[in-house]
Amino acid sequence: MVEKIPLLLLPGTLCDDRLWQFQIQGLEDEVNITVGELSKQDSIEALADEILSKMPDKFAVAGLSFGGMVALEIVRKAPERVLKLALLDTNPFPPKEEQISNWNSFLDMIQTQRFGEIVKDYLLPVLIHPDKQSNDELVETIFKMADTMGEEGYINQLRALKKRVDQTTVLPFITCPTLVIVGRQDIVCPIELSKYMADTIPNASLKIVEDSGHLTTMEQPEVVYELLKEWITKPKVEF
């Protein structure tokens, strides 16, 4: 019997395994899936260390947004362990002052019991395509993931985002097959960022998902599933 490739899926901020639900259902017969927990540490480096301590010697990794940042840190720390890499709607650059200011405002809002307001009024409008804002099931799932993550988990993630380092320096040295995916209408991590990563990483390919904002795995689940299936199954890799 052929051994299945271990596949690590890393969610974005305020997200959990539900971000990948459709892809998990489609890929679980092909690979051994682990969904990383990204809310217990307040730095990307610590998250990468924790995950590396729990994963097999070699594995593939796919990360969306914040999860993609952690995936890049994993590749930086242990490139020999990563068989394949997929970066979805990810930003490899360090934070801008405007972003840090916004996150500081969110931290202040959490202290005054306005966590729900952050998700509803500030995050949701930019996370998904305008046409998806009326998709009640999608919106409800986003709210439920945020509620499950909770204030403490989000505080850790905001702190990690604020102090993240420039990850563009690792891109030219990534040697594993890499797939870069981005929603055409992503305004959180605009398409130019993904084009930059695909141009800078050797052996990288770029796939643009039409009619999708930032949460491509949920907004266009079938499209992303097909892209990830092709990426993880072809060509076969030895591990």
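Scroll up to find the structure this text is about.
Residues numbered from 1 in each chain as written. Predicted model: local features only at pLDDT ≥ 70, side-chain atom pairs only at ≥ 80, totals over all residues. Heavy atoms only, no water.

1. Concerning the overall build of the chain
To keep it simple, the criterion reads: Only DSSP runs of H or I reaching four residues or more are called helices, and only runs of E reaching two or more are called strands; each is numbered from the N terminus. A radius of gyration in this sense is built from C-alpha atoms; the matching globule rule multiplies 2.2 Å by the number of residues raised to 0.38. Three exposure classes are used, based on accessible area relative to the maximum for each residue type with a 1.4 Å probe and protein chains only: buried under 20%, partly exposed in between, and exposed over 50%. Should any heavy atoms of two residues lie within 4.5 Å, those residues are considered in contact. Here the open area of atoms and residues is found with the Shrake-Rupley method and a 1.4 Å probe, where only the protein chains shown may cover a residue. Positive charge is attributed to Lys and Arg, negative charge to Asp and Glu, and no charge count is given to His or to the chain ends. Where a charge sits is defined by one atom per residue type, namely NZ (Lys), CZ (Arg), CG (Asp) or CD (Glu).
Across its full length, the chain carries 9 helices and 6 strands. In terms of C-alpha radius of gyration, the chain reaches 17 Å, essentially the compact-globule figure of 18 Å for 239 residues. Considering only C-alpha atoms, the chain reaches an extent of 55 × 35 × 30 Å along its principal axes. The buried share of the chain, taken over its 239 residues, is 54%. The long-range share in the chain, meaning contacts at least 24 apart out of those at least 6 apart in sequence, stands at 77%. Of the roughly 11,200 Å² that the chain leaves accessible, carbon and sulfur atoms contribute 48%. One finds the centroid of the 24 positive side-chain charges in the chain at a distance of 3 Å from the centroid of its 38 negative side-chain charges.

2. Considerations on the packing of aromatic side chains
Counted only if it meets this: Classification of ring pairs rests on two measures: the distance between centres of Phe, Tyr or Trp rings, Trp counted by its six-membered ring, which must be within 6.5 Å, and the angle between planes, read as stacked under 30 degrees, edge-to-face over 60 and tilted in between.
Counted under the stated rule, the structure contains 4 aromatic pairs. Considering the side-chain rings of Phe115 and Tyr154, the 6.0 Å spacing of their centres and the 55 degrees angle between planes classify their relative orientation as tilted. Residue Phe115 is found in helix H5 (residues 115-127), and its partner Tyr154 is found in helix H6 (residues 136-162); the two are separated by 39 residues along the sequence. Tyr154 sits in the buried class, given a relative accessible area of 3%.

3. Description of the sheet that holds strand E4 (residues 82-88)
Just so we agree on the cut-off: Strands pair, by our definition, only if DSSP identifies at least two bridges between them. Axis angles are defined between N-to-C directions and span 0 to 180 degrees, where every axis is a line fitted to C-alpha atoms and, for a helix, only to the segment in contact.
The sheet built from 6 strands is open, its strands ordered E2-E1-E3-E4-E5-E6 with parallel pairing. Each edge of the open sheet is held by one strand with a lone partner, namely strand E2 (31-35) and strand E6 (204-209). Neighbouring strand axes in the sheet, compared pairwise and without regard to direction, differ in orientation by 20 degrees on average. Pairing of E4 with strand E5 (residues 178-183) involves 4 bridges; the strand directions are parallel. Across the sheet, Leu85 pairs through a bridge with Thr178, a residue of E5. Helix-sheet contacts for helix H9 (residues 221-233) involve strand E1 (5-10), E2, strand E3 (59-64), E4, E5 and E6, and the interaxial angle to E4 is about 160 degrees.

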